[in-house]
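Inside the fold
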Amino acid sequence: MASSTLSSLSSTFSLPLHHSLSANLKTCSQFPNKTSGFMVFAQKKTKKTRKIILKEDMVNIGKKGQLLDVRAGFFRNFLFPTGKAQLVTPDILKEMKIEEERIEAEKQRVKEDAQQLAIIFESVGTFKVKRKGGKGKQIFGSVTAQDLVDIIKAQLQREVDKRIVDLPEIRETGEYIAELKLHPDVTAKVKVNVIAN
């Protein structure tokens, strides 16, 4: 009795399964190439990265304000919770671009100011330095960068840092050329005339 019940159950269950398989085969045969094979696509595991901006300098990673691509897990588990980085958004990129343009404009303004100052220094002609004379062309002591800075301040009312003055060693009377490094790209050459009094 149990076997007859089992066989009747299997026949009732096999009918819909057989019916659904035959329906699928009919739909497969409707494709133009008439092949009923399976296509398998293999996918590589992709490395998930995030575009971030660093909020502070980090050894072996980058400098503050630098844009980086880092692994998503590193950002999620370390950089974001510690507040060392944030995700890059279009608004942040726009702000960074505006800031870069402002910095570039400031650099250009400083360079133009240095060029104007160089023109002023070079148009003066010669800065005269008086020293007590010795035998022949010798002078007592030497002319230093601080001496030239003091003369520039007296004649032009301009403050100049003595560290930007490159002056040859002067121990006798005569005319010399001094260089004033006003900007990394701008150097003014001025004449220094040392006379004995």
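You'll find the chain entered in an unreviewed UniProt entry as Large ribosomal subunit protein bL9c, with Vicia faba given as the organism. Recorded in UniProt for the chain, the comment headed Function (unreviewed entry) runs: "Binds to the 23S rRNA."

In this section: the side chain of His 183. Inspection of the secondary structure puts His 183 in strand S8 (residues 174-183). When its relative accessible area of 15% is taken as the criterion, His 183 is described as buried. The residues contacting His 183, other than those within four sequence positions of it, are Lys 107, Val 110, Lys 111 and Ala 114.

With that settled, the discussion passes to the sheet that holds S8. Pairing in this open sheet of four strands is mixed, and the strands run S4-S9-S8-S6 from one edge to the other. The open sheet has two free edges, formed respectively by strand S4 (126-131) and strand S6 (165-166), since each of these has just one partner strand. By the bridge criterion, six bridges tie S4 to strand S9 (residues 186-196) in an arrangement that is parallel. Bridge pairing links Phe 127 to Val 192 in S9. Sheet strands in contact with helix H3 (residues 90-123) are S4, S8 and S9, and its direction is about 25 degrees off that of S9. Packing of helix H4 (residues 145-156) onto the sheet brings it into contact with S4, S6, S8 and S9, and relative to S4 it is tilted by some 120 degrees.

Scoring rules and cut-offs
Residues numbered from 1 in each chain as written. Predicted model: local features only at pLDDT ≥ 70, side-chain atom pairs only at ≥ 80, totals over all residues. Heavy atoms only, no water. UniProt positions renumbered as here; feature names shortened; annotations may be inferred. Helix = DSSP H or I, 4+ residues; strand = E, 2+ residues; numbered from the N terminus. Buried < 20%, exposed > 50% of the residue type's maximum accessible area, 1.4 Å probe, protein only. Contact = heavy atoms within 4.5 Å. Pairing = 2+ DSSP bridges. Axes fitted to C-alpha atoms, helices over the stretch in contact; angles between N-to-C directions.

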